[in-house]
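# Architecture and fold: a report
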Amino acid sequence: MKFGVVVFPGSNCDHDAWYAVSANLNQKADFIWHDSTSLGDVDAVILPGGFSYGDYLRCGAIAKFSPVMTAVKRFAHDGGLVIGICNGFQILVESGLLPGALVRNKGLKFLCKTVELAVAATNSPFTTQLRQGQVLRLPIAHGDGCYYADQETLEQLEAEDRVAFRYVQNPNGSLRNIAGVLSRERNVLGMMPHPERAADALMGSIDGLGILQSIVNTVSHLPLAEMTGLR
Amino acid sequence: MSTITAELLESHRVTPDEYQHIQKILGREPNFTELGIFSVMWSEHCSYKSSRLHLKKLPTRSKLVLQGPGENAGVIDIGGGYAIAFKIESHNHPSFIEPFQGAATGVGGILRDIFTMGARPIAVMDALRFGALDDPAVGVRNRRIVEGVVSGISHYGNCFGVPTVGGECVFDPSYSGNPLVNVFALGVFKHDEVFYGRATGVGNPVIYAGAKTGRDGVHGATMASAEFTEESKQKRPNVQVGDPFLEKLLLEACLEAMKTGAIVGIQDMGAAGLTCSTCEMGSRAGTGIEIDLQYVPQRETSMTPYEIMLSESQERMLLVAEKGREHEVYAVFKKWGLDAVQIGVVTGDGILRVKDHGKVVAEIPNRELADEAPLYDRRHDRPAYRTVPLDGPEVPASKDLSKDLECLMTSGDLCSKRWIWEQYDHQVRTNTVQGPGADAAIVRIKETGTSVAMALDGNGRYCMLDPREGAKLMVAECCRNLSTVGALPVAATNNLNYGNPERPEIMKQLVEGIEGMGEACRFFETPITGGNVSLYNETLGEPIHPTPVIGVVGLMQTQQPTGALFRNPGRAVVLLGGVGMCEPRRFGGTQYAKVILKEVWGLPPALDMEYEKRVQTAIREVIGTGLAESAHDVSDGGLAAALAECSFGPSGVGARITLDSSLRPEYLLFHEGPSRIIVSTAEPEAVMQIAIRKGVEALMIGETRAGTLEISNRGVTLVMAGVTQLRTRWDEALPALLGVSA
């Protein structure tokens, strides 16, 4: 399969994501420049971490206006798999592809550390290789990672089993310990922790591979429509 | 045109002798702009006029050194067709005035030094010095400076996308009015991708790229202000403001533009901005540069030539491109949304000619400006400055050594720095094999399959007690840190932080420090490939401790890191190098003296460099053969502190240590003699064999075990501590000292 890694001005985990899927998972991967109006022939899109457009105004707020996001929205609407990591998650919520918002960490400081995540939803193309309740050790590195949504949205997320991951020990004040959420159609995942940083034993954890491998398995073995329940 | 008055010279810190020299070079009086240009280029910061004579004593070459001092950064060969560029630089003064931006632009400046060479920055480390946090008078201010500096480094490095992989942080009252922020950066590239700051090729276009020029930092290198009106002063903050996003774009654009093959030379605009980059690029190439300031992108109106030439606005680059191919360069910068415009041309006359709308406003010979800065052999005929006696008080017998250990482990210098480094992204680029909190950081090089280890060290307290021996100890410790993680130290960069060199007793510290560092670097075969000198770190006549800082890089195979932490109970604990020696005077420089006795005296620990080298060779073999489960060197706080640090792992494994020494307990536990490394191993005999072969003493001093750290000597229990409890105190001490939440 082929991943597309979107590069915004200020993305800085783009290469890490590319390296994880190409070197660690041996898949094809292309970079997609932010002013591109087409995603090419990719099977899944990664919105990487970093500081797109300097994160000026608000994290992800400017990136949502870039031409590539129109293509990403179309791709997602058609059932394509999109994973937003860290700044990518912030862009997804700003773009309306995922509900809620990511606000300043409770401690007001940027925080880089390895945290434990519990897998909360296995019924998604990003979590086929994971078990319910399984604990993953993944790095976080963000200043604005506190997940916030109104009560109604939170209830809906829970009811529709769309909370993908929860922090075992909440590092940033996220409501209901939410670390990652799925779109209603389950083909878009946003998460603050970095699976691409835990894809190589040398870096201290390979727990991120399960998420990336789930995408590969989904794309390679199952027709999209069947998996996402769309069309 | 203003006339040059004595007051004007004074405010530009140009001496009468220097002014005569300027007149001789020009064959006439300089105008105001030219005086400004000379004053920054001949400032201590840019010209090293007080230190240059002595810096020549440092070793700068080895088989691996591809580029020594004189360029933007040193370069060494790491094999496989790849090289690394690295350097350390200070941003001390700005960080005191405006901690956040001062530290942030310190990071920005050194990163530009690395990528201007063509290397992609892959690691940053910081050496920080702050005043005491608990001082009743200035503690609040010092705490605010710590928070600001750490936020600034975090802000810039994280957004730029370079991991901050290590560093060190020390608190001492001598830094209260002069905090130190020294930033080290390292980048990687292919041998044939090296770029130099040379304006070659007469007729080639000179291109300005990056951020627009403003009035910020006009004072940066000289503090020239007397001639400005009050109104203009208010507009001119002394400290530059950094934009890491812009720097990230500049990085990508520069590296991409370099790949076009159209760039012949490039230099960043750091200290002394456009002035320094134009004259240095011309001087190195033996050419002249002619620019017209009307083409310089400006973000403020009505800027004078003086201001434009002296501005230290951040995130700017000066490039020389091959004539006819400049559009290839422009296309790349346009892609990244950055300004890139031709502002001038390379000439053959060796003159820096600055025009403003066609009218010449400055005309100075490049070489004389860049290379003929005055060189001073400052007096250093007085004993080095020191504030403490050689002989100290009788060290009282401790009532509770366990309590002493806890006090040490929760003191500013020895406590966990987690609160600091968790604010730094230390993992971006996914190369960090070993990050902050270790003896040395290890970063893998994806391109070669090998790894680079790096560490920073400095010990102002030792250097105050003996500037020469302190500098040698610093080099020895930094090399030991690298050896302890299994790396072979191969090269170094230095940052010399001292007081006012016009005082002979301070100059003596500097000379002794450089000579000591030179001797040790020669001995450990770690040539200095570049660095920085920061002088005049004084407030109200009170200098900082002489604080040379060294950054050493080492090479190693890529492998799972050994780490400092005990992992499993039941392993033998071996003290490589032995218990060591101590005497009253040598105890006066220890953390125990500073923290527990609250009095510093005497001399730093004694160093035997021959023995140190053998210990380092031995530990590298122990690590290389996979015999060690953990390895950690003994330094500040002595053996007991090092054992405690080994016990602070997630597994909660401590040790039961049984010593057999005639040293008094305070010395035995807390003396800071060098050349010692604690190893835990399942194969102690094999470790001992290596030690014997290398001629190094090695003692089996005990066994790891779950839950407690117990140290006894000749049957008497000296220390008994629960590791989880001690670890928690150690871990939470810094936020508590800062009065912030953990």
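Counting restarts for each chain, with residues numbered from 1 along the sequence as it is written. Ligands are numbered from 1 and chains lettered from A, in the order in which they are written. Under the rules for a predicted model, residues below a pLDDT of 70 receive no local features and side-chain atom pairs below 80 are neither given nor counted, while totals for whole chains, interfaces and linings still include all residues.

### Notes on the overall build of chain A
What counts is decided by this rule: In this description a helix means any DSSP run of H or I spanning at least four residues, a strand means any run of E spanning at least two, and both kinds are numbered starting from the N terminus. Radius of gyration: over C-alpha atoms. The globule rule applied is 2.2 Å multiplied by the number of residues raised to the 0.38 power. With C-beta atoms placed from the backbone, the exposure class of a residue follows from how many other C-beta atoms lie within 10 Å of its own: 20 or more, buried; 12 or fewer, exposed; in between, partly exposed. In this description, a residue-residue contact is defined by the distance between C-beta atoms placed from the backbone, which must lie within 7 Å.
In terms of regular secondary structure, chain A is built from six helices and 11 strands. A compact globule built from 231 residues would reach a C-alpha radius of gyration of about 17 Å, and chain A, at 16 Å, matches this within 12%. Scored against the burial criterion, the 231 residues of chain A give a buried share of 58%. Counted over contacts in chain A with a minimum sequence separation of 6, partners at least 24 positions apart contribute 76%.

### Some points on the overall build of chain B
When helices and strands are tallied, chain B shows 26 helices and 28 strands. Each of the three principal axes of chain B carries a C-alpha extent, and together these read 85 × 50 × 45 Å. Going through the 742 residues of chain B one by one, you find that 63% of them count as buried. Counting contacts in chain B only where the partners sit at least 6 residues apart, residues at least 24 apart contribute 84% of the total.

### Examining the interface of chain A and chain B
The cut-off we apply is this: Polarity classes work like this: nonpolar for Ala, Val, Leu, Ile, Met, Phe, Trp, Tyr, Cys and Pro, charged for Asp, Glu, Lys and Arg, and polar for all others, with Gly in that last group.
Listed per partner, the contact involves 22 residues of chain A and 24 residues of chain B. At the level of secondary structure, the elements contributing two or more residues to the side of chain A that touches chain B comprise helix 1 (14-24), strand 6 (111-119) and strand 7 (135-142) of chain A. Here the side of chain A that touches chain B takes three residues from strand 6 of chain A, the largest share from any one element. The residue inventory of the side of chain A that touches chain B, partitioned by class, reads 11 nonpolar, five polar and six charged.

### Remarks on the nonpolar core
Nonpolar side chains in soluble globular proteins tend to end up buried together. As a reminder of what qualifies: Among buried residues, those of type Ala, Val, Leu, Ile, Met, Phe, Trp, Tyr and Cys that are joined through C-beta atoms within 7 Å form a set called a nonpolar core.
Ranked by size, the top nonpolar core spans 323 residues in total, and within it Met-41, Val-329, Ala-441, Val-475, Leu-576 and Leu-643 of chain B carry the most contacts. If we ignore the near neighbours within four places in the chain, the residues touching Val-329 of chain B are Ile-207, Ala-257, Thr-260, Ala-262, Ile-263, Leu-319, Ala-321 and Ala-340 of chain B.

### Quick word on the sheet that holds strand 16 (residues 450-457) of chain B
All names here are of chain B. The following threshold applies: Only strands joined by at least two bridges in the DSSP assignment are considered to pair. Between N-to-C directions, angles span 0 to 180 degrees; the directions come from axes that are lines fitted to C-alpha atoms, helices contributing only their stretch in contact.
In spatial order, the strands read 14-15-16-21-17-18; together these six strands make up an open sheet with mixed pairing. Because the sheet does not close on itself, it has two edges, and the strands there are strand 14 (432-434) and strand 18 (528-534). Neighbour to neighbour, the strand axes of the sheet diverge by 25 degrees on average, direction disregarded. Along the sheet, helix 19 (residues 504-523) makes contact with strand 17 (488-497), strand 18 and strand 21 (547-557), crossing strand 17 at roughly 175 degrees.

### Some points on helix 7 (residues 99-115) of chain B
The condition that has to hold: Expected helix span is taken as 1.5 Å per residue step, with the number of steps being one fewer than the number of residues.
An ideal rise of 1.5 Å per residue puts 24 Å on 17 residues; helix 7 of chain B measures up with 25 Å between its terminal C-alpha atoms. Where burial is concerned, most of helix 7 of chain B is hidden: 17 out of the 17 residues are buried.

### Let's talk about the sheet that holds strand 1 (residues 2-7) of chain A
All names here are of chain A. Strand order in the open sheet formed by nine strands is 2-1-3-4-11-10-9-6-7, and the pairing between neighbours is mixed. Each edge of the sheet is formed by a strand with only one pairing partner; in this case those strands are strand 2 (28-33) and strand 7. Sheet twist, expressed as the mean angle between neighbouring strand axes with direction ignored, is 25 degrees.

### Notes on the pairing of strand 28 (residues 716-722) of chain B
Residues and elements named next belong to chain B. Sheet analysis places strand 27 (residues 708-713) next to strand 28, joined by six bridges and oriented antiparallel. Bridging from a neighbouring strand, Ile-711 pairs with Val-719 of strand 28. With antiparallel pairing between neighbouring strands as the criterion, strand 27 and strand 28 make up a hairpin whose turn holds two residues, including Arg-714 at a positive phi of roughly 50 degrees.

### So, the environment of Val-188 of chain A
All names here are of chain A. Tracing the backbone shows Val-188 in strand 11 (residues 188-191). Exposure remark for Val-188: the 30 C-beta atoms within 10 Å place this residue in the buried category. Expressed as a C-alpha distance, the spacing of Val-188 and Gly-79, which sit 109 residues apart in the sequence, is 8.6 Å. Apart from residues no more than four positions distant in its own chain, Val-188 is found in contact with Ala-76, Val-82, Leu-92, Leu-97, Leu-98, Leu-182 and Ser-183.

### Some details on the packing of helix 22 (residues 609-624) of chain B against helix 25 (residues 684-694) of chain B
Residues and elements named next belong to chain B. For clarity, the threshold we go by: By the definition used in this description, the sense in which the near helix is turned from the far one sets the handedness, with an anticlockwise turn below a right angle giving left-handed and a clockwise turn giving right-handed.
Interaxial distance between helix 22 and helix 25 falls to 9 Å at its minimum, and their mutual angle equals 145 degrees. Helix-helix and strand crossings are classified by hand; for helix 22 and helix 25 the assignment is right-handed. Contact residues: Arg-614, Thr-617, Ala-618, Glu-621 and Val-622 in helix 22; Val-687, Ile-690, Ala-691 and Lys-694 in helix 25. A breakdown of the residues in the contact of helix 22 with helix 25 according to their chemical character gives five nonpolar, one polar and three charged.

### Side note on helix 8 (residues 139-160) of chain B
Given 3.6 residues per helical turn, the α-helix brings residues three or four places apart onto the same face. Spanning 22 residues, helix 8 of chain B covers 32 Å between terminal C-alpha atoms, matching the ideal 32 Å at 1.5 Å per step. Among the 22 residues in helix 8 of chain B, 16 count as buried, and that is most of the element.

### Side note on the confidence of the model for chain A
Caution is warranted with low-pLDDT regions, since their predicted coordinates should not be read in detail. In plain terms, the rule: Every residue is assigned a pLDDT by the predictor, reflecting its confidence on a scale from 0 to 100.
Looking at chain A, the pLDDT average stands at 95 and 96% of residues meet or exceed 70. Note on residues 227-231 of chain A: pLDDT is under 50 here. Beyond four places in sequence and across chains, it has 13 contacts.

### A short note on the packing of helix 7 of chain B against helix 10 (residues 244-259) of chain B
Residues and elements named next belong to chain B. Just so we agree on the cut-off: Angles below 35 degrees are treated as roughly parallel, those above 145 as roughly antiparallel, those between 65 and 115 as roughly perpendicular, and all remaining angles as oblique.
Relative to each other, helix 7 and helix 10 sit at 5 degrees, their axes nearing to 11 Å. Between helix 7 and helix 10, the angle falls in the class roughly parallel. Where helix 7 abuts helix 10, its residues Gly-108, Leu-111 and Phe-115 lie against Pro-244, Glu-247, Leu-251, Cys-254 and Leu-255. Residue classes in the contact of helix 7 with helix 10 are distributed as six nonpolar, one polar and one charged.

### A short note on the environment of Pro-383 of chain B
Residue and element names in this part refer to chain B. Along the chain, Pro-383 falls in the loop between helix 14 (366-371) and helix 15 (401-409). For the pair Pro-383 and Gly-654, spaced 271 residues apart in sequence, the C-alpha to C-alpha distance is 45 Å. Once you skip the residues sitting within four places of it in the chain, Pro-383 turns out to touch Glu-505 and Lys-508.

### Observations concerning the confidence of the model for chain B
Residues and elements named next belong to chain B. On average, chain B scores 94 in pLDDT, and the residues at 70 or more come to 97%. The low-confidence segment residues 223-236, where pLDDT is below 50, has 19 contacts with residues more than four positions distant or belonging to other chains. Interface confidence for the predicted complex, given as ipTM, is 0.95, next to a pTM of 0.96.

### Considering unusual backbone geometry
Residue and element names in this part refer to chain B. One non-glycine residue, Ser-302, adopts positive backbone phi at about 55 degrees. In this fold, Ser-302 is placed in the loop between strand 9 (288-292) and helix 12 (305-310). Taking the number of C-beta atoms within 10 Å as the measure of exposure, Ser-302 has 8 and is therefore exposed. Although it is not a glycine, Glu-525 sits at a positive phi angle of roughly 60 degrees. In this structure, Glu-525 sits in the loop between helix 19 and strand 18.

### Side note on the environment of Met-309 of chain B
Residues and elements named next belong to chain B. As for its position among the elements, Met-309 is in helix 12. Separated by 144 residues in sequence, Met-309 and Val-165 have C-alpha atoms that sit 36 Å apart. Residue contacts for Met-309: discarding those within four places in its chain leaves Thr-33, Gly-36, Ile-37, Leu-274, Thr-275 and Val-354.

### Some points on the pairing of strand 17 of chain B
For a regular strand, the rule is simple: side chains alternate between the two faces of the sheet. Residue and element names in this part refer to chain B. Within strand 17, nine of the 10 residues are buried, leaving the element largely enclosed by the surrounding structure. Judged from the nine bridges that link them, strand 17 and strand 21 form a sheet pairing that is antiparallel. Of the residues in strand 21, the one forming a bridge with Ala-492 is Val-552. In the sheet, strand 17 pairs with strand 18 via five bridges, with the strands oriented parallel.

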